[in-house]
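Topology and contacts: notes
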Amino acid sequence: MVVNVDTVKKILFKLNLFEFTKKYLTYYDLFNQLSSEYNDKNKAVVESVKNTFNFYVPSLNQSKGLQIKNLFSNVDINISNEGFIFSLDKYKTLGNINGSINNLSLDYSKIFNSSIEEMKLKYIDKTDEYSLNQLNALEGIEILIDRIIVELKLSSREYKEKYINYFENIKNSHVSNFEEALQRILFFNQLLWQTGHKLNGFGRLDKILNDIYLNDNVSKEKALNLIKNFLKAGHRYYYTKSSSLSGDTGQIIVLGGLEEDGSYFFNDLSYLFIEALTELNIPDPKLILRYSKNVPRDIMELGLKCIATGVGSPLLSNDDVIIDKLIDFGYKSEDAYNYVVSACWEPAPIGKSFEMNNVDCLVFLSPLNDLLNNEELDNFKNFDELLIKYNEYLKIYIDNLTDSINSRNWETDPLISLFIEGCDDNLKDISEGSALYNNYGLTSVSLSNTVNSLLNIKYFAFNNSKFTLTELNSSRQNNFEDDEILETLKNQPLIYGRDDEDVLNLTNDIIAYANDVIKSKNTKYGGKFKFGLSAPSYVTSSSNFEASLDGRKNSEPFNVHISLEDNEDYTEIMRFASKLNYSESKFNGNVVDFMVSPSFIDNNFDKFLDFLILSLNLGVFQMQLNVVDSKTLIDAKKHPDKYPNLIVRVWGFSAYFKDLPESYQDVLIKRAVKNESRHL
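Residues numbered from 1 in each chain as written. Predicted model: local features only at pLDDT ≥ 70, side-chain atom pairs only at ≥ 80, totals over all residues. Heavy atoms only, no water.

1. Some words on the pattern of salt bridges
A side chain of one charge can pair with a side chain of the opposite charge when the charged atoms of the two come close. What counts here: By convention in these notes, a salt bridge is any Lys or Arg side-chain nitrogen within 4 Å of a carboxyl oxygen on Asp or Glu. Only DSSP runs of H or I reaching four residues or more are called helices, and only runs of E reaching two or more are called strands; each is numbered from the N terminus. Throughout this description, buried means an accessible area under 20% of the type-specific maximum (1.4 Å probe, protein chains only), exposed means over 50%, and partly exposed covers the range between.
The full count for this structure, using the stated rule, is 36 salt bridges. Of the charged contacts, one joins E662 and K637 as a salt bridge, the two residues approaching to 3.2 Å between their closest N and O atoms. Taken as a pair, E662 in helix 30 (residues 662–675) and K637 in helix 29 (residues 630–638) lie far apart in primary sequence, 25 residues in all. You can call E662 partly exposed: its relative accessible area is 49%. Owing to a relative accessible area of 30%, K637 belongs among the partly exposed residues under this scheme. What you see here is one network of salt bridges that share partners, running through D76, D89 and K92.

What follows is the structure, given as structure tokens:
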């Protein structure tokens, strides 16, 4: 039996081995760990892997620059028969001792007006460790380019002379046309994947490509075809690129955006990228459309048409809310207005920062359950006392989390250092804190479950004394064998997502206290911590998590992002989200996530577009839609072969439904059923 890397990763996803897939650093590690940890489940795969593959990982005793040079001298090169050149050797990568720097969008504009030879001039004749690493890495890139050119010359593909010229120019010349710019972006993006980086964004492609596009005078029709070929090239190695779940690649293209003078930036390319993805109907790469009140309506219409295909893109990110928060946090105005996102949706400046925006996840429910498991509950005289105690547990939890994060070391990274302002000036690698900004971002899960649990405690243990807190907790610890208590907890009408003063006050009080603790922390490089109210791990973090007083049973998924499934009115969750306090450190991704059926959009397109615009104008931070109906999902789970191309929005990315573990499929089905009775 011959098994390739993509097949193994699909098996991992299907087996729900999330903790494993999150921790591997290289493909070499993947198979070694697969062999040692999951041999019983994957015996045939493991044996085939051992017998089939010849892995290559450079010696860890070498400097990182030399590792890169040796890696690029050894990777296999695959020249596609058509389209752009984009090649990954799935079995060769770098070995890392420390953490790898991921979740970054590079400023690819830096490569348009520079060549490898020009880059090397900054390091030649220098003897410091940083410069030697940079020089070796650049020489390795030249070696890879030369090897690609040799393979191109040997190939029988059409227009190979054109691509040979494009690759020669990477070494010696600047970009001369729009097509060449797209090829150069793909090549440098390929370098990141090949060296083991994960969740690599593309950044603001409509903005950085605008001058080249205009100067090239390329027709819109040709540009559209080139963009489609670019997206198809980016889609290659889809499973290999995926991180903790199939489709989780972080390949975000950011479009549009508010300018410092108050105008809204958009151009032909903004439309063309959306149009291209709409036509291709593929889940990856993904789009984010930056919204502002003076955005042209027709680009919003085009965005909704793309969303309505089911691809889940573009996510809408509200500049009118976000940019001020970035500036208040400490980013320079020019950097805040030029923000991109890390991985899924976490706003960050580009080209100047070491922004580890997914460095860890804050589980709001953890300190509450710790409290319930360790305190004498009969001693609490009222709800306010319990909330004070929860905050004490929350502080301890955050203290431990940030201390753990600051104990981590990061791998030397010559490739990313090429793109980050401050590294060359300081002759220090990005991993040593040389960037202008060195902030860490936390995501979070279970805020909804925590708020609902506390509301249940407040109303049933203190306000009407239907149950004692000890009775509630005993039922929780027994996984709600008491059906009366379970039904009471699950049917309490005032829940997270309701536009209700008590719900909003409690929610904002909790995140305000978390903010007070987090903003007092500094990263090991003197940066700040930030957090957001969304995270991908609402299933994985809950898989071994005990029951909670919102009526959630042992290991059941946490609630999704900022959402409200148990309500018939779409507008209520938007009113709720617009009243959350995103100031200070609370801006690391705050996504309203809701589902809608394709027929609902088709039958109410203009009205639904107005609803999206009004919601954003109200102050919603970000929003994403899952456009699919429950009947299709249920049938697709039973008969996956009938729906090979069914795409769903999972968290900050889209994926093929057939590739998702059953637990995620079930969450989507459950949410779709609940949402189909909604109205505007």
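2. Let's talk about the sheet that holds strand 6 (residues 286–291)
The line we're drawing: Any two strands with at least two DSSP bridges between them are considered paired. Note on method: axes are straight lines fitted to C-alpha atoms, helices fitted across the in-contact stretch only, with angles between N-to-C directions ranging 0 to 180 degrees. Whether two residues touch is decided by their heavy atoms; if any such pair falls within 4.5 Å, the residues are in contact.
Taken in spatial order, the 5 strands make up an open sheet running 3-6-7-14-13, and their pairing is mixed. Two strands lie at the open edges of the sheet, namely strand 3 (252–255) and strand 13 (591–596), each paired on one side alone. Within the sheet, the average angular offset between the axes of one strand and its neighbour, ignoring direction, is 25°. As defined by bridge partners, strand 3 adjoins strand 6 across 4 bridges and the pair is classed as parallel. Its bridge partner being in strand 6, L255 is matched across the sheet by L289. The sheet strands contacting helix 14 (residues 268–280) are strand 3 and strand 6, and the helix crosses strand 3 at an angle near 140°.

3. Structural notes on the confidence of the model for the chain
For clarity, the threshold we go by: The pLDDT score gives, residue by residue, the confidence of the prediction method on a 0 to 100 scale.
With 90% of its residues at a pLDDT of 70 or more, the chain shows a mean pLDDT of 90. Considering only residues more than four positions removed or in separate chains, one finds that residues 14–28, a stretch of pLDDT under 50, has 51 contacts. Scored below 50 in pLDDT, residues 35–39 makes 9 contacts in the model with residues more than four places away or belonging to other chains.

4. What about helix 24 (residues 483–490)?
Here is the rule: The arc in question is traced by the directions running from the helix axis to the C-beta atoms. Identification of polar contacts relies on pairs of N or O atoms within 3.5 Å, with a donor-acceptor requirement for protein atoms, meaning one able to donate a hydrogen and the other able to accept it, and with residues adjacent in sequence counted only if both atoms are side-chain atoms.
Of all the residues in helix 24, the buried ones are I485, L486, T488 and L489. The buried residues of helix 24 occupy an angular sector of 165° when projected down its axis, which confines them to one face. Structurally, helix 24 contributes buried residues whose contacts are with helix 22 (447–463) and helix 23 (469–477). In this structure D482 caps helix 24, since a side-chain oxygen of it lies 3.0 Å from the backbone nitrogen of E484.

5. Examining the side chain of N210
Looking at the secondary structure, you find N210 in helix 11 (residues 210–216). You can call N210 buried: its relative accessible area is 15%. Setting aside residues up to four positions removed in sequence, N210 forms contacts with F265, N267 and L269.

6. What about the state of the cysteines?
We count it as follows: Note on terminology: disulfide denotes any pair of cysteine sulfur atoms within 2.5 Å.
In the structure shown here, the tally under the stated rule is 0 disulfides. Just so you know, C306 is unpaired, no disulfide at all, and the nearest cysteine sulfur is the one on C344, 17 Å from it.

7. Looking at the packing of helix 7 (residues 129–154) against helix 9 (residues 178–194)
Just so we agree on the cut-off: A clockwise turn of the near helix away from the far one marks a right-handed crossing, whereas an anticlockwise turn of less than a right angle marks a left-handed crossing. When residue character is reported, Ala, Val, Leu, Ile, Met, Phe, Trp, Tyr, Cys and Pro are called nonpolar, Asp, Glu, Lys and Arg charged, and the others, Gly included, polar.
Here helix 7 crosses helix 9 at 115°, and the two axes come no closer than 12 Å. The hand of the helix 7/helix 9 crossing is right-handed. Two secondary-structure elements touch here, helix 7 through I141, L144, I145 and I148 and helix 9 through F187, Q190 and L191. Each residue belonging to the contact of helix 7 with helix 9 can be placed in one class, and the counts come to 6 nonpolar, 1 polar and no charged.

8. Remarks on the environment of K638
Within the secondary structure layout, K638 lies in helix 29. Overall, K638 belongs to the exposed group, its relative accessible area being 63%.

9. Considering unusual backbone geometry
Excluding glycine, residues mostly carry a negative phi; peptide bonds, for their part, are mostly trans. D284 connects to P285 through a cis peptide bond whose omega is 0°. With respect to the element layout, P285 can be found in the loop between helix 14 and strand 6. In the Ramachandran plot, A343 falls in the positive-phi region, its phi being about 60° despite a non-glycine side chain. Along the polypeptide, A343 turns up in the loop between strand 8 (340–342) and strand 9 (346–348). Residue S446 is not a glycine yet carries a positive backbone phi of 70°. Within the element layout of this structure, S446 appears in the loop between strand 11 (440–445) and helix 22. Its relative accessible area of 2% is what places S446 among the buried residues.

10. Here's the deal with the sheet that holds strand 10 (residues 356–363)
With parallel pairing, the 3 strands of this open sheet are ordered in space as 10-11-12. Two strands lie at the open edges of the sheet, namely strand 10 and strand 12 (529–531), each paired on one side alone. Within the sheet, the average angular offset between the axes of one strand and its neighbour, ignoring direction, is 30°. Here strand 10 runs beside strand 11; their pairing, made up of 5 bridges, is parallel. By the bridge assignment for strand 11, D360 is matched with L442. Packing of helix 25 (residues 501–518) onto the sheet brings it into contact with strand 10, strand 11 and strand 12, and relative to strand 12 it is tilted by some 165°.

11. Some thoughts on the nonpolar core
For the record, the criterion: Take the buried residues of types Ala, Val, Leu, Ile, Met, Phe, Trp, Tyr and Cys, join any two whose side-chain atoms come within 4.5 Å, and each joined set is a nonpolar core.
Ranked by size, the top nonpolar core spans 227 residues in total, and within it F178 and F230 carry the most contacts. For F230, the residues in contact, after removing those within four places along its chain, are F84, L182, I185, L186, F202, L205, I253 and F273.

12. Quick word on the packing of aromatic side chains
What counts, and what does not: Pairing of aromatic rings covers Phe, Tyr and the six-membered ring of Trp, with a centre-to-centre limit of 6.5 Å; geometry is then stacked below 30 degrees between planes, edge-to-face above 60, and tilted otherwise. Distance and angle both matter: a charge sits over a ring if NZ of Lys or CZ of Arg is within 6 Å of the ring centre and within 35 degrees of the ring normal.
Counted under the stated rule, the structure contains 36 aromatic pairs. With a centroid separation of 5.9 Å and 45° between ring planes, the pair formed by F354 and Y525 is classed as tilted. On the criterion of sequence distance, the pair formed by F354 in the loop between strand 9 and strand 10 and Y525 in the loop between helix 25 and strand 12 is long-range, its members being 171 residues apart. Residue classification places Y525 among the partly exposed residues on the basis of a relative accessible area of 23%. Over the ring of F265 we find K207; its NZ or CZ atom is 4.2 Å from the centre of that ring.

13. Thoughts on helix 16 (residues 319–329)
Inspection of helix 16 places D319, V321, I322, I323, K325, L326 and F329 among the buried residues, and these make up the whole buried set. N-cap assignment for helix 16: the residue whose side-chain oxygen lies 3.2 Å from the backbone N of D320 is N318. One or two residues past the end of helix 16 sits G330, with phi positive at roughly 130°.

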